[in-house]
Structure formats: C-alpha cells, structure tokens
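The residues making up each chain are set out below.
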Amino acid sequence: MDKQTVVVLFGGRSSEHSISSATAGGVLGAIDRDRYSVIPVGITREGAFVLEEDRPEKFPLEATHLPEVVDNGTRVRWPEPGGDRMLRVAAPDGSTIDLGEIDVVLPLLHGLHGEDGAIQGFFDVIDVPYAGGGILDSAVCLDKHFTKLALSAAGISVAPGITVRQHDWEVDPERIRTAVAELGEVVFVKPSDAGSSVGVSRVDAGEGLDEALRIAFAESPKVLIESKVAGREIEVGVLAGREGARARASLPGEVVLTSRSFYDFEGKYLGGDGVEIVCPAEVDDGLIAELQQTAVRAFEAVDGKGLARVDFFVTPEGGLVVNELNTMPGFTPISMFPKCWIASGLNYGELITELIEAGLRR
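Conventions we followed
Residues numbered from 1 in each chain as written. Predicted model: local features only at pLDDT ≥ 70, side-chain atom pairs only at ≥ 80, totals over all residues. Heavy atoms only, no water. Salt bridge = Lys/Arg side-chain N within 4 Å of Asp/Glu carboxyl O. Helix = DSSP H or I, 4+ residues; strand = E, 2+ residues; numbered from the N terminus. Buried < 20%, exposed > 50% of the residue type's maximum accessible area, 1.4 Å probe, protein only. Pairing = 2+ DSSP bridges. Axes fitted to C-alpha atoms, helices over the stretch in contact; angles between N-to-C directions. Contact = heavy atoms within 4.5 Å. Phe/Tyr/Trp six-rings, centres within 6.5 Å; stacked < 30°, edge-to-face > 60°. pLDDT = per-residue confidence, 0-100.

Remarks on the pattern of salt bridges
Then, number 1: Enumeration over the complete set of coordinates arrives at 27 salt bridges.
Then, number 2: The partner of Arg-309 in a salt bridge is Glu-235, and the shortest N-O contact between them spans 3.2 Å. Pair noted here: Arg-309 is in strand β16 (residues 307-314) and Glu-235 is in strand β12 (residues 232-239), with a separation of 74 residues, a long-range link.
Then, number 3: Judged by its relative accessible area of 6%, Glu-235 is buried.
Then, number 4: Residue Asp-303 pairs with Lys-305 through a salt bridge whose shortest N-O separation is 3.6 Å.
Then, number 5: Here the salt bridges do not stand alone but share partners, grouping Glu-52, Glu-53, Arg-55, Glu-57 and Lys-58 into one network.

Things to note about the sheet that holds strand β2 (residues 36-43)
Then, number 1: Strand order in the open sheet formed by four strands is β3-β2-β1-β7, with mixed pairing between adjacent strands. Two strands bound the open sheet, and with one partner strand each, they are β3 (49-51) and β7 (104-107). The average angle at which neighbouring strand axes cross in this sheet is 30 degrees, direction not considered.
Then, number 2: Relative to β2, strand β1 (residues 4-11) runs parallel, the two sharing eight bridges. By the bridge assignment, Val-7 is partnered in β2 with Ile-39.
Then, number 3: Packing of helix α11 (residues 348-361) onto the sheet brings it into contact with β1, β2 and β7, and relative to β7 it is tilted by some 130 degrees.

Topic: the environment of Pro-191
Then, number 1: Inspection of the secondary structure puts Pro-191 in strand β9 (residues 186-191).
Then, number 2: Considering only alpha carbons, one finds Pro-191 and Lys-144, 47 residues apart in sequence, at a separation of 8.3 Å.

Focus: the sheet that holds strand β8 (residues 161-165)
Then, number 1: Here four strands make up an open sheet; going across it, the order is β8-β11-β9-β10 and the pairing antiparallel. The outermost strands of the open sheet, each flanked by one partner alone, are β8 and β10 (201-204). Pairwise comparison of adjacent strand axes, ignoring direction, gives a mean angle of 25 degrees for this sheet.
Then, number 2: Here four bridges tie β9 to β10, and the two strands are oriented antiparallel to one another. In the strand pairing of β10, Val-186 is matched with Asp-204.
Then, number 3: Helix α4 (residues 144-153) rests against β8, β9 and β11 (222-227) of the sheet, and its axis sits at about 55 degrees to β11.
Then, number 4: Across the face of the sheet, helix α7 (residues 209-217) comes into contact with β8, β9, β10 and β11 while running at roughly 25 degrees to β9.

Here we look at the packing of aromatic side chains
Then, number 1: According to the stated counting rule, one finds nine aromatic pairs in the structure shown.
Then, number 2: Pairing Phe-49 with Phe-122 gives two aromatic rings, centres 6.5 Å apart and planes at 25 degrees, and the pair type is stacked. A residue pair is termed long-range when its members are at least 10 positions apart, and Phe-49 in strand β3 and Phe-122 in helix α2 (residues 118-125) qualify at 73 residues.
Then, number 3: Given a relative accessible area of 21%, Phe-49 falls into the partly exposed group.
Then, number 4: Judged by relative accessible area, Phe-122 falls into the partly exposed class, the value being 30%.
Then, number 5: On the basis of an interplanar angle of 80 degrees and a centroid distance of 6.2 Å, the ring pair of Trp-78 and Phe-122 is categorised as edge-to-face. Here Trp-78 is found in the loop between β4 (75-77) and β5 (86-90), whereas its partner Phe-122 is found in helix α2, with 44 residues between them in sequence.
Then, number 6: One aromatic cluster in this structure is built from Phe-49, Trp-78, Phe-122, Phe-123 and Tyr-130.

Some details on the confidence of the model for the chain
Then, number 1: Residue-level pLDDT values for the chain average 92, and 94% of them are 70 or greater.
Then, number 2: Predicted confidence is poor over residues 263-267, with pLDDT under 50, and the contacts of this stretch with residues over four places away or in other chains come to 20 contacts.

Some details on helix α10 (residues 336-343)
Since the α-helix advances by 3.6 residues per turn, residues separated by three or four positions end up pointing in the same direction.
Then, number 1: Of all the positions in α10, only Met-336, Phe-337, Pro-338, Cys-340 and Trp-341 are classed as buried.
Then, number 2: Buried residues along α10 sit against β12, β13 (248-249), β14 (253-257), β15 (275-278), β16 and α11.
Then, number 3: Downstream of α10 by a residue or two, Gly-345 has a phi angle that is positive, lying close to 105 degrees.

Below, the structure is given as structure tokens:
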C-alpha cells in the first residue's frame, strides 16, 4: 500500500523543549517506516518552524546533554486552507522546495503553545489532520486549576489546594501564608500551566514558600498550592476509543520514591537516584479495575480526544485522588505512558501507529 506522510513536530517555545526533542528522537527511531513516510519539523525556542534532520540519535536525553532544535535557516511553509496539503520549505538561499503532501501531523509538544490547544487550533484552522488531544482537552488539562474544576464537577476526588495569582501574592502575602498553613504541614507549589515537574517545589512548615512561589511564578502567573496527599503514586495511560467506542485504559504503573521528596525533573528524565518505575504496578485486580474506570471517567470529564496519562494518589484507605492529566505525556521509550501500554500488550511502535491512525480517522 502507499505510505502515508506523517509530520513529526517537536521542540517548541516552552520550558519543556528538550523533553519534546528527546521524545521525537524515540519516535523517529520507532515509527513504522514501512507504513509511513516521515518529515521531521522542529520548532526552535524562538518559535521558528524548521526542517529537521531525520536522525533519531541526534536527540538523546542525558544528564550532560539536553537536546534542542537549532535554527538552521530553513522555514517550513504549511498548507493553505482549502488547497492541497503540500508542505514546503524555504531554504536559506531563498529557494522553495516541495516536500510532498502530508496526511497527518504528530505533535510531540509539551507545555505552552504545544499542549495547551494553541497548535491544535492552528491545525484546525488550516484543515490539516493531527494526532493527540484537541483544543478543549489540551487547554483544560494544561491548566491544573481548570483540570481540578472539571474533575470535581464529575465527582472525581482531587487534592485540597488553592490557586494563587501573582498579583494576590504581591498585594497580600500574609493572607496567602495563612491559607497555605491551613493546607497542612507539607504542601507542593506548582505552576498552573507547566509540566514535567518544571517549577515545582515542596514546602515543609512554610519554610521556603517565598522561594517556591518565585520559582513557580517564573513559569506561570497562576500557581497551585496543594496539600500533600499520602499514598502511592499510580499512573494509567488512556487512549481514545476506536470508531466511537469508549476510551481504553492501560494497566497501571507506579512511581516509587526511595529517597527523593517528590518525582522531580531529574528523577523523571535524567536518571536521578531515588526513584523507581514499576510497571505494571503491584496492585490487585479490583484496584486495577477501579483505576482504569476512574481514568476513563477523568478522560471523559475533560472531553479527551487522543490520549492522556492520568496520575493518581492511592491513599492508605484505598481512596483514589486524581492529581492531573497529561494530554501529551512523556513519550520517550522509558517514560511511564509507553511502559504502561507495553505492559498492556501494545509495543512502542504499535503505540505510535495507534496515535497516528486515530489522528487520521479524526
């Protein structure tokens, strides 16, 4: 059969640029080349769309090397609405080259301008199919404040917390301190619209609250401060259903902290000590079913379209608290989302195909 052309889009202007680039390296190395022709398009930190090299090894994620998209002088020209789907690139010498008609875009973007509905809206406007989340679910899930509102409205438990805007902190910090003290001895301070644990801090007994807020406000003008929820950190992958069927949930995986105070950026991506990923998680069948059912309910509560990783706390009493949903979760070969689906019988390459085909159907 004729190959379909997939644009693998990565990089971006957010603080998660390097994670996106590393994800692209994994996907470029595993995508089914017998089925798809691939055009790698990178977005620089400044927002330029450039034609990238199709070399997976160019984007490793190591403690000594965070990959990034570098401006090589090319400029990608997207199709015009109502016309053909020809992708073109302007070369540094001013000439324009046709790269071929594209069938679907696979956006591997995290954070602002990529996972917040912005790029999804762009592709809707130019009438180009794309995989992953849509506008609404992307926007809601990137903003943790609105995620909690949507989940609470659906009767799903979330962590107690408050939302603090930068102006509130500047005008009346003592009121904020009092509210934080009421949340308990240990709280977590996190930007409302950043991922990959960027800008997240743990605060014990109020010590370091000012610095934690400074770090979080550097990422977002809106910050969540949440109580620590005692319990196991369990994560479940969700994929949109085929042909109108209900979404599907993977087996759960568990983040086990052996010495870290929380699952931070280094622990997630740079092989830091003190954290283990156990997949599938060691839980009984009854809890697996409850986690999967709640994950699908959470996905539906935010009008999920493509995929999501649903992050839970399972309390000692067996209660489920949803921490957040990620509509483009970490997708490197060692990330939790692929691991959960691999444990469920879908290998990394098949998972990529699943996302692309869902985008084509939509």
